[in-house]
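Close look at the chain arrangement
So the chains spell out like this:
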Amino acid sequence: REKDDKHKTWMPKFLTAKEDKDQRKSSDDVERNIFKVKKSNAEKSKKMEKEEKIFRKTFMYDKEINVINTATAECSVPSKRRVDLPVTAGEQLDVIDITEGSAVICRNSEGRYGYVLVEHLNFR
């Protein structure tokens, strides 16, 4: 019986050592995935910078871009003009500036800018 007990206690230790080795491999994969995310974030920031340049040129906007408020789109609205921002229902938008009319300048999660009517937004 003593030999069987020794053998039983020895096997789990051996198996756990192998599992630790498997966990190290999986953690390496996780680190690689983190680098991929950083790469996509870099690409996303470049895209957002490009969108900001287009916005400044189109709207002749020379002020600093500050988020005044956040709003949620109540309904989906396609853009009728180039300067309008197409929104989908439930989308989070950053309000950048208020205009004289019933529209505000907003930025979506992709970094695109445009006018959105206040009646389509829900401010929390």
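Residues numbered from 1 in each chain as written. Predicted model: local features only at pLDDT ≥ 70, side-chain atom pairs only at ≥ 80, totals over all residues. Heavy atoms only, no water.

What follows is about the packing of aromatic side chains. Scanning all chains against the criterion turns up four aromatic pairs. Aromatic pair Phe55 and Tyr61: ring centres 5.1 Å apart, planes at 45°, arrangement tilted. Both residues of the pair, Phe55 and Tyr61, belong to the buried class. With centroids separated by 4.3 Å and ring planes inclined at 20°, the aromatic side chains of Phe55 and Tyr113 adopt a geometry described as stacked. Taken together, the positions of Phe55 in helix H1 (residues 2-59) and Tyr113 in strand S4 (residues 113-117) put the pair 58 residues apart, joining distant regions of the chain. Given the relative accessible area of 2%, Phe55 is considered buried. By way of ring pairs, the aromatic residues Phe55, Phe59, Tyr61, Tyr113 and Tyr115 are connected into one cluster. (Phe/Tyr/Trp six-rings, centres within 6.5 Å; stacked < 30°, edge-to-face > 60°. Buried < 20%, exposed > 50% of the residue type's maximum accessible area, 1.4 Å probe, protein only. Helix = DSSP H or I, 4+ residues; strand = E, 2+ residues; numbered from the N terminus.)

Generally speaking, a soluble globular protein has its nonpolar side chains buried in company with each other. One finds Ala71, Ala73, Leu85, Val87, Leu93, Val95, Val104, Cys106, Val116 and Leu121 forming the largest nonpolar core, which totals 10 residues. Going through the elements one at a time, strand S1 (69-73), strand S2 (92-98) and strand S3 (103-107) are the ones with two or more residues in this core. In contact with Leu121, other than residues within four places in its own chain, are Ala71, Thr72, Ala73, Glu74, Leu93, Val104, Cys106 and Val116. Phe55, Ile65, Ile96 and Ile105 belong to the second-largest nonpolar core, a separate cluster that totals seven residues. (Core = buried A, V, L, I, M, F, W, Y, C linked by side-chain atoms within 4.5 Å. Contact = heavy atoms within 4.5 Å.)

This part is about the sheet that holds S1. The strand order S4-S3-S2-S1-S5 describes an open sheet built from five strands, whose pairing is antiparallel. In this open sheet, the two edge strands, each paired with only one partner strand, are S4 and strand S5 (121-123). Adjacent strand axes in the sheet meet at a mean angle of 50°, parallel and antiparallel pairs treated alike. Looking at chain direction, S3 and S4 are connected through five bridges and run antiparallel. Bridging from a neighbouring strand, Val104 pairs with Val116 of S4. (Pairing = 2+ DSSP bridges. Axes fitted to C-alpha atoms, helices over the stretch in contact; angles between N-to-C directions.)

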